[in-house]
Amino acid sequence: MLWGAFALFFVLIIGVALWGRWSVRRAFPQTEGTIQVPGLDGQVEVIRDEFGVPHIYADTPHDLFMAQGFVHSQDRFFQMDFWRHISHGTLSEMFGDSQVDTDTFIRTLDWGGLAQRQYDADSPDLRGILDSYAAGVNAYIAKTPQKDLSFEYTILSLINGGYNVEPWTGAQSLAWGKVMSWDLGGNLGAEIERAMALATMSPERVRQLAPRYPDDRHPVIVGNSTAEAYGAEASYAVPEGAIEPLADTYRSIAGLNHLTGGEVDTGIGSNSWAVSGARSPTGNAILANDPHLGMQMPSIWYQVGLHCRVVNDECPYDVAGFSFAGVPGVIIGHNANIAWGFTNLGPDVQDLYIEKVNPDNEFQYEYMGEWLDMDLRTEVIDVAGGDSVEVTVRSTIHGPIISGSYGPLDTVGESGLDLPEPYAVALRWTGLDDIPSIAGPIHRINTARNFEEFQEAARLFRVPSQNLLYADITGSIGYQTPGNIPIRANGDGTLPVPGWTDEYEWTGFIPFEELPSVMNPPSGFIVTANNEVVDDSYPYLLTEDWAYGYRARRIVDMLEAYPSAGIADFAAMQFDSRDLNAEFLRPFVLSAVEGSAPAAGSEADAVAALASWDLQDAVDSTGAAIWQATWAEILARTFNDELHEDFPASGGSRWFEVVRGIADLPNDLFWDDVTTDGKETRDDILADAFSAAVSMLEDRFGGDVDDWAWGDLHTVRFTSASLGSTGIGLIDDRFNRGPYPVAGSESVVDAVGWNADEGFEVDWLPSMRMIVDLGNLANSLTIHTTGQSGHIDHPHYDDMIPLWLDGRYASMLWSRSDIEAQAESTLILTP
């Protein structure tokens, strides 16, 4: 019976392949002529340019956002529907019981319920925007048969014939904001990693693995403060018995992050910088931004222009930039007066609390010497092709319990946590608080005309807390930290803490007026690259888990080298891949190789190629291939013999700094391989790592060193998150694109990341690049990773990939005359 079903499935797949072209093309949207859209107040024009970017012109906000919802649905509805199921924990309704665990975790966090409460609490004006957008989505759903919405529904019908698309709601647009807040929200992985390391290493050695930000060498964003240092530091150890349960929690977190394309370590981030008019050749400000996120097919971004025909108080929108399909407005971009960019601030807004659970009642926990009843909530997960699953969610005063109950724990360390049987781990996170929705600040930023109005928008920006960069048409630049960032009674947020006492509670949030901010600094530029915002003299704790400033250092160095930096300079900077880690460590490696057995053959040629390398991680670079292969071997040989298997040395700026910290200590304990009887030193490890890297490159590419190229190792594959990993080539190949050789690397400005423990394939990248000229908006440039369309085989499904790979751009069209001159199509929407 099983084999019969299996064979039938493949027959159906082959049938889809044979008639797929017709099935795919019927989902292509109408982009010319006229479409009647009930609910519009007046006529709306949608002019698409040569890359399929829609520029929408309307007379009212209602029509503008209704049209945006309609257009998003034309090009990306399956992506919107898939994201909706992620954010509400209903993936099992689409894909069956394989997604029950993921849905359970998301339902525990209750993103959908939080979004609904935010929607209910929003102002009538904000709900009006969300409802207008939803009306546009639903108008497209109503006029389009389900299989014509996107080819994915044809595939989905083969495995889940009972799936039906539901109407869109305003609250569902807010729920995706919860997903992005999770992706950008905290340091749970770092907390768990430290806890696990402390179980087997001394606190001193763990501090070597998590060094402080090097503000003596690398820049901070805002500069110094004269206040006293915060100075609170964790002073306890996590119990030995908690290690594996915490690892299980980490695996759940990492699995969700893999699905959503979010962050799992401090190596991932983004770049933005701005120069004032005093430092640009035109006398006007210029702003650049390239957010680093996981790969998606289609792109996570959707470029759009939203224009009121007459801009006034009743219809104030005249804005262009990048949106999320499913969300009204522009997330990053510019209007007629200002431009803005986001990078992740990475504040520590998540804490894990270890809760004592009553051994006689799993629904009670101890707090301040008393047993308190947990808050209980029942979630029912509907499963395609199976029975529904009922989940009981338990919550304490700290938040939902995201672990199961575990056995007794033995205490370790200086003070230890005396945890009885059983216990559980609860999550405290600002993103789970009842706070105003993201809709308010986004739409205030879209219409802001100056830095004061920009800051007032930022005041509403509670979660996620981002570095907000600003530039305007007067030549000014500015920066603002927003968000709810907790003040802790004790601890520094770097380890899980006891939940049965009030010693580690949050006592409030940093007042907005005291969050870091600057306008027109004397340097004439502002750089944010996930580096430290302020130094240790700042009176509040933002986080201990910064990226370590290598990208920021390189950007500042390049800006200081330019008397004035123009658009072409900014473009070259965004594609720069000078490797500051190699700049520091290469002499140590070459010295170690020289001091070992004499190099010969390919190894001698590799030494010469590495020594002459220009330190740029270019796609065709032999030196980059040799260096990065050597770097991966250095990490594995130096650290992985002592680290937990879930937390190997993965590369990135943190590991740059860790290795730098022991580079001048040739006999440091980390250099020794504990799996051997000998006592290895730094030079032993570096020489062996180089030899192993050369052997690997020889095996893969042959003995001629000139044939080795970084891009042959470092490739990117754009994969559909929903149907790109089925294991069935006929399906996967239809949705995915690549692999492509690509430049860049970890913690260089062109931050095209990879994991040293998993291989050289790209795992995150600059999801878009944008450069805005505030003196002449028509000069602005941009590109995102794949294309505007979510329909496979559509000309705009993958037409941006070659430009993105090569560091090229498209014009970020602004004026109506320029848009019409490059128009590919014009669609009229009528009531």
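Here we look at the overall build of the protein chain
Here comes step 1: Across its full length, the protein chain holds 25 helices and 31 strands.
Here comes step 2: Projecting the C-alpha coordinates of the protein chain onto the three principal axes gives extents of approximately 80 × 70 × 70 Å.
Here comes step 3: When burial is assessed residue by residue, the protein chain has 62% of its 831 residues classed as buried.
Here comes step 4: For the protein chain, long-range pairs separated by at least 24 residues make up 73% of all intrachain contacts whose partners lie at least 6 apart in sequence.
Here comes step 5: Carbon and sulfur atoms provide 49% of the accessible area of the protein chain, an area that totals close to 29,500 Å².

Brief notes about the sheet that holds strand β22 (residues 517–519)
Here comes step 1: Across the sheet, which stays open at both edges, the 11 strands sit in the order β1-β31-β2-β3-β6-β7-β8-β9-β17-β18-β22 with mixed pairing between neighbours. With one partner strand each, in any of the chains shown, β1 (33–36) and β22 form the two edges of the open sheet. For this sheet, the mean angle separating the axes of adjacent strands, direction not counted, is 15°.
Here comes step 2: Relative to strand β18 (residues 477–480), strand β17 (residues 466–472) is paired through 4 bridges, and the arrangement is antiparallel. The residue bridging Tyr470 from the neighbouring strand is Gly478, located in β18.
Here comes step 3: Docked against the sheet, helix α13 (residues 439–447) engages β7 (318–323), β8 (332–335) and β9 (338–344), running at close to 145° with respect to β9.
Here comes step 4: Sheet strands in contact with helix α14 (residues 451–459) are β9, β17, β18 and β22, and its direction is about 160° off that of β17.

Examining the state of the cysteines
Should the sulfur atoms of two cysteines be covalently bonded, the bond is a disulfide.
Here comes step 1: Counted under the stated rule, the structure contains 1 disulfide.
Here comes step 2: What pairs with Cys308 in a disulfide is Cys315, and their sulfur atoms sit 2.0 Å apart. Because the sign of the S-S torsion sets the handedness, a value of about -80° for the bond joining Cys308 and Cys315 places this disulfide among the left-handed ones.

Things to note about the side chain of Ser73
Here comes step 1: Summarising the element assignment, Ser73 is placed in helix α2 (residues 61–88).
Here comes step 2: Discounting residues that sit within four places of it in the chain, Ser73 has contacts with Met80, Val137 and Tyr140.

What to know about the packing of helix α18 (residues 601–612) against helix α19 (residues 622–639)
Here comes step 1: It is at 8 Å that the axes of α18 and α19 come closest, and there the two elements cross at 105°. With respect to each other, α18 and α19 are oriented roughly perpendicular. Here Ala606, Ala609 and Leu610 of α18 lie close against α19, whose contacting residues are Thr622, Gly623, Ile626 and Trp627.
Here comes step 2: Looking at side-chain class alone, the contact of α18 with α19 contains 5 nonpolar, 2 polar and no charged residues.

Concerning empty space enclosed by the protein
Here comes step 1: Counted under the stated rule, the structure contains 10 cavities of 30 Å³ or more.
Here comes step 2: Taken together, 29 residues make up the lining of the largest cavity; nearest its centre are Met180, Leu184, Phe324, Ile331 and Phe342.
Here comes step 3: Mapped onto the lining of the largest cavity, the elements with two or more residues apiece are α9 (170–183), β5 (286–293), β9 and α13.
Here comes step 4: Sorting elements by how many residues they give to the lining of the largest cavity places α9 first, with 5 residues.

Let's talk about the packing of aromatic side chains
Here comes step 1: Applying the stated criterion across every chain yields a total of 30 aromatic pairs.
Here comes step 2: Judged by centre distance (6.0 Å) and plane angle (75°), the ring pair of Phe105 and Trp182 falls under edge-to-face. Placement of Phe105 in helix α4 (residues 100–109) and of Trp182 in helix α9 is noted, with a sequence separation of 77 residues between them.
Here comes step 3: For Phe105, a relative accessible area of 10% translates into the label buried.
Here comes step 4: Trp182 gets classed as buried once you look at its relative accessible area, which sits at 4%.
Here comes step 5: Each ring, one from Phe342 and one from Phe461, has its centre 5.6 Å from the other, and the planes form 80°; the classification is edge-to-face. Remark: Phe461 occurs in the loop between α14 and β17 and Phe342 occurs in strand β9; sequence separation between them is 119 residues. Just as Phe342 is buried, Phe461 falls in that class too.
Here comes step 6: One aromatic cluster in this structure is built from Phe77, Phe78, Tyr153 and Tyr163.
Here comes step 7: One Lys or Arg, Lys356, reaches over the ring of Trp500 and ends 4.7 Å from the middle of that ring.
Here comes step 8: In this arrangement the basic side chain of Arg816 is found over the ring face of Tyr57, its NZ or CZ atom lying 4.4 Å from the centre.

What about the nonpolar core?
Here comes step 1: Residues Trp182 and Leu829 are the most contacted members of the largest nonpolar core, which totals 161 residues.
Here comes step 2: In contact with Leu829, other than residues within four places in its own chain, are Ile35, Val37, Leu40, Gly42, Gln43, Val44, Val46, Ala67 and Phe70.

Considering the packing of helix α5 (residues 111–121) against α9
Here comes step 1: Viewed as axis vectors pointing N to C, α5 and α9 meet at an angle of 125°, and their least axial separation amounts to 8 Å. Relative to α9, the element α5 lies oblique. For α5 against α9, the interelement crossing comes out right-handed. Within the contact between the two elements, α5 uses Trp111, Leu114, Ala115, Gln116, Gln118 and Tyr119 and α9 uses Gly170, Ala171, Leu174, Ala175, Lys178, Val179 and Trp182.
Here comes step 2: By residue class, the composition of the contact of α5 with α9 is 9 nonpolar, 3 polar and 1 charged.

Section: unusual backbone geometry
Here comes step 1: Cis geometry marks the peptide bond from Val463 to Pro464, where omega comes out at -5°.
Here comes step 2: One can find Pro464 in the loop between α14 and β17.
Here comes step 3: Of note, the bond from Gly738 into Pro739 is cis; its omega dihedral lies within 30 degrees of zero at 10°.
Here comes step 4: Within the secondary structure, Pro739 is located in strand β25 (residues 737–741).
Here comes step 5: With a phi close to 55°, Ser747 is a non-glycine residue in the positive phi region.
Here comes step 6: What makes Ser747 buried here is its relative accessible area of 5%.

Brief notes about the environment of Arg808
Here comes step 1: Following the sequence through the fold, Arg808 ends up in the loop between α24 (801–806) and β30 (810–811).
Here comes step 2: Each C-alpha atom of the pair Arg808 and Ala135 lies 37 Å from the other, and the pair is 673 residues apart in sequence.
Here comes step 3: With sequence-adjacent residues up to four places away left out, Arg808 is seen in contact with Ile783, Pro802 and Leu803.
Here comes step 4: Among the polar contacts made by the side chain of Arg808, one reaches the side chain of Asp806 at a distance of 3.2 Å.

Conventions and cut-offs
- Residues numbered from 1 in each chain as written.
- Predicted model: local features only at pLDDT ≥ 70, side-chain atom pairs only at ≥ 80, totals over all residues.
- Heavy atoms only, no water.
- Helix = DSSP H or I, 4+ residues; strand = E, 2+ residues; numbered from the N terminus.
- Buried < 20%, exposed > 50% of the residue type's maximum accessible area, 1.4 Å probe, protein only.
- Contact = heavy atoms within 4.5 Å.
- Areas by Shrake-Rupley, 256 points an atom, 1.4 Å probe, with all protein chains shown as cover.
- Pairing = 2+ DSSP bridges.
- Axes fitted to C-alpha atoms, helices over the stretch in contact; angles between N-to-C directions.
- Disulfide = S-S within 2.5 Å.
- Parallel < 35°, antiparallel > 145°, perpendicular 65-115°, else oblique.
- Nonpolar A, V, L, I, M, F, W, Y, C, P; charged D, E, K, R; others polar.
- 1 Å grid on protein atoms, 1.4 Å probe; cavity = no way out; pocket = protein on both sides within 12 Å on 5 of 7 lines; lining within 4 Å.
- Points joined across faces, edges and corners; volume = space filled by probe spheres on them.
- Phe/Tyr/Trp six-rings, centres within 6.5 Å; stacked < 30°, edge-to-face > 60°.
- Lys NZ or Arg CZ within 6 Å of the ring centre and 35° of its normal.
- Core = buried A, V, L, I, M, F, W, Y, C linked by side-chain atoms within 4.5 Å.
- Left-handed = near helix turned anticlockwise from the far one by under 90°.
- Polar contact = N/O pair within 3.5 Å; in protein donor to acceptor, adjacent residues only side chain to side chain.

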